[in-house]
Amino acid sequence: MKEVSRHTDLMSDDVIQLHIVADATGDTAARVARAAAAQYADFSTRVIRHARLNSHAGVRSVLDNIEAQDAKVVVFSTVMQRELRDFVGAECERRGLPHAELLNAAVAALSEVTGTQPDEASRPVGVGEDYFTRIQAMEFSIANDDGNLHNPLRDADIVLIGVSRSGKTPLAMYLGYLGYRTANIPLVPGIAVPLELWEVERWKIIGLTIDPERLQEIRARRITAMKSRTDRNGYADLSKIFNELDEISELQRKFRCPIIDTTQLALEEAAGRIIELVEGRRAMAT
């Protein structure tokens, strides 16, 4: 998706990086960042998470890396400890980095009504209204893992398709944890995909791929872990892997789905990209 300037007719392929700075998981800030970005449908955005920061040195290192990038960036932060929270804001201001601190207004409002200052220990958020949605999504992801479909695919929020060992299962489980009912289906040369997959709304489908040599390493370790001395079907043979990826890539194109290369992506970053793509495509389809 291309960025459209509000002040000119020029088009740009630059992606706006939404950096999450947090002293815990960063889930709250990531959700707010994505909600805000959804209001700018003509702009491409990418969420990058920097979680569990609890020192000036850690924050400074992250901001140094952000500042060094030749990119459009915004920093969203959720830091409970007041002194460190102020430090993040001051450092962003000093560096000229656009910054939104997401806790100050909420904490200030609660302080006003309670007449007390908050505890600064970072505590997990209790059961919220989305708790049971997330539990159901995790159960869905587990029940519909690796092509073992126990629910209609039409009930999925996201459907991942890709070759064996391309990261489908861990991504599906993590997306389930975030509240997205996710099914994942392995694509195997010579084996037809479930007919139901062709009936799924296209905006739900995301293809995964991976570097051939990296895939060979993963599969070779898999064979070793299973204590198999031979690779009779060429599961970890590099030349066959190249052919397999070519064939599967052609099949993915038939589904007209975006394809994400998982080779160098952290789980959280890959999941963030998938969510952004699915939500963006859904908005365009409705």
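What you see as residue numbers is a count from 1 along each chain, following the sequence as written. Only residues with pLDDT of 70 or above have their local features reported here, since the model is predicted, and side-chain atom pairs are shown and tallied only from 80 upward, although totals for entire chains, interfaces and linings are computed over all residues. Note that the side-chain values use all heavy atoms of the structure and ignore hydrogens as well as water.

1. Looking at the nonpolar core
By nonpolar core is meant a set of buried Ala, Val, Leu, Ile, Met, Phe, Trp, Tyr and Cys residues that side-chain atoms within 4.5 Å join together. Each residue gets one of three labels from its accessible area relative to the maximum for its type: buried under 20%, exposed over 50%, partly exposed in between, using a 1.4 Å probe on protein chains only. If you look at the biggest cluster of nonpolar residues, it comprises 22 residues, and the most contacted ones within it are Leu153, Val159, Ile161, Leu197, Ile205 and Phe255. At 4 residues, helix H8 (residues 238–254) tops the list of elements feeding residues into this core. One finds Leu171, Ile260, Leu265 and Ala271 within the second-largest nonpolar core, a separate group that totals 18 residues. For helices the rule is a DSSP run of H or I covering at least 4 residues; for strands it is a run of E covering at least 2, with both sets numbered from the N terminus onward.

2. Notes on the pairing of strand E3 (residues 16–22)
Two faces make up the sheet, and in a regular strand the side chains alternate between them. Counting buried residues in E3 gives 7 out of 7 residues, a clear majority hidden from the surface. Of the two faces of E3, the one holding Ile16, Leu18, Ile20 and Ala22 and the one holding Gln17, His19 and Val21 are both buried throughout. Where E3 meets strand E4 (residues 45–50), 6 bridges bridge the pair, whose relative direction is parallel. If you follow His19 over to E4, its bridge partner there is Ile48. Assessed by its sense of winding, the connection that carries the chain from E3 through helix H1 (residues 27–37) to E4 is right-handed. Note on pairing: DSSP must find at least two bridges between two strands before they are called paired. Of the pairings in the sheet, the one linking E3 to strand E5 (residues 73–78) comprises 6 bridges and is parallel in character. When the sheet's bridge partners are listed, Ile20 is paired in E5 with Phe76. The crossover handedness rule: strands pointing away from the viewer, path from first strand over the helix to second strand clockwise, crossover right-handed.

3. A few points about unusual backbone geometry
Leaving glycine out, the prevailing phi sign among residues is negative, and the prevailing peptide bond configuration is trans. One non-glycine residue, Asp146, lies in the positive phi region at around 55°. Of note, Asp146 is situated in the loop between helix H5 (131–143) and strand E7 (158–162). Unlike most non-glycine residues, Arg256 shows phi in positive territory, near 50°.

4. Focus on the sheet that holds E4
Pairing is parallel across the open sheet formed by 4 strands, whose spatial order is E4-E3-E5-E6. On the outer flanks of this sheet lie E4 and strand E6 (99–101), each paired with one strand and no other. Across the sheet, the mean angle from the axis of one strand to that of its neighbour is 20°, orientation sign disregarded. With respect to the sheet, H1 is in contact with E3, E4 and E5, its orientation differing from that of E4 by roughly 170°. In this description, a line fitted to the C-alpha atoms serves as the axis of each element, helices being fitted only across the stretch in contact, and the angle between N-to-C directions of two axes falls anywhere from 0 to 180 degrees. Any two residues having at least one pair of non-hydrogen atoms within 4.5 Å are treated as being in contact.

5. Concerning the sheet that holds strand E10 (residues 259–261)
Reading across the sheet, the 4 strands line up as E8-E7-E9-E10 and stay open at both edges, with parallel pairing between neighbours. Each edge of the sheet is formed by a strand with only one pairing partner; in this case those strands are strand E8 (182–186) and E10. When the angles between neighbouring strand axes are averaged without regard to direction, this sheet yields 25°. In this sheet, E10 lies alongside strand E9 (residues 205–209) in parallel orientation, the contact comprising 3 bridges. When the sheet's bridge partners are listed, Gly207 is paired in E10 with Ile259. Where H8 meets the sheet, its contacts fall on E7, E9 and E10, and the angle it forms with E9 comes to roughly 165°.

6. Some details on helix H2 (residues 56–68)
Taking 1.5 Å per residue as the helical rise, H2 with its 13 residues ought to reach 18 Å, and the 18 Å between its terminal C-alpha atoms agrees with that figure. Listed as buried for H2 are Val59, Val62, Leu63 and Ile66. Looking straight down H2, one finds that the buried residues subtend no more than 95° of arc, so they occupy a single side. Among the exposed residues of H2, those pointing more than 90 degrees away from its buried face are Ala57 and Ala68. Those residues of H2 that are buried are in contact with E3, E4, E5 and helix H3 (82–95). Take the residue count of a helix, subtract one, and multiply by 1.5 Å to get its expected span. It is the directions from the helix axis to the C-beta atoms whose arc is reported.

7. Observations concerning the confidence of the model for the chain
In the predicted model, the chain carries a mean pLDDT of 86, and 90% of its residues have values of at least 70. The model gives residues 1–12 a pLDDT under 50, and that stretch makes 25 contacts with residues more than four places away or in other chains. Values of pLDDT, the confidence the predictor places in each residue, fall between 0 and 100.

8. Here's the deal with the environment of Leu277
Assignment of secondary structure puts Leu277 in helix H9 (residues 267–285). As a C-alpha pair, Leu277 and Ile260 span 17 residues in sequence and 10.0 Å in three-dimensional space. Among residues more than four places away in sequence, those in contact with Leu277 are Ile206, Pro258 and Ile260.

9. Some thoughts on the pattern of salt bridges
Within this document, salt bridges are pairs made up of a side-chain nitrogen of Lys or Arg and a carboxyl oxygen of Asp or Glu, the two lying within 4 Å of each other. In this structure the tally under the stated criterion is 11 salt bridges. For Arg49, the salt bridge identified is with Asp27, shortest N-O distance 2.4 Å. Of this pair, Arg49 sits in strand E4 while Asp27 is found in helix H1, placing the two residues 22 residues apart along the sequence. The same class applies to Arg49 as to Asp27, namely buried. Measuring nitrogen to oxygen at the nearest pair gives 2.7 Å for the salt bridge that ties Arg95 to Asp64. With a gap of 31 residues between them, Arg95 in helix H3 and Asp64 in helix H2 connect regions that are remote in the sequence. Each of Asp64, Glu67, Glu91, Arg94 and Arg95 takes part in one network of salt bridges that share partners.

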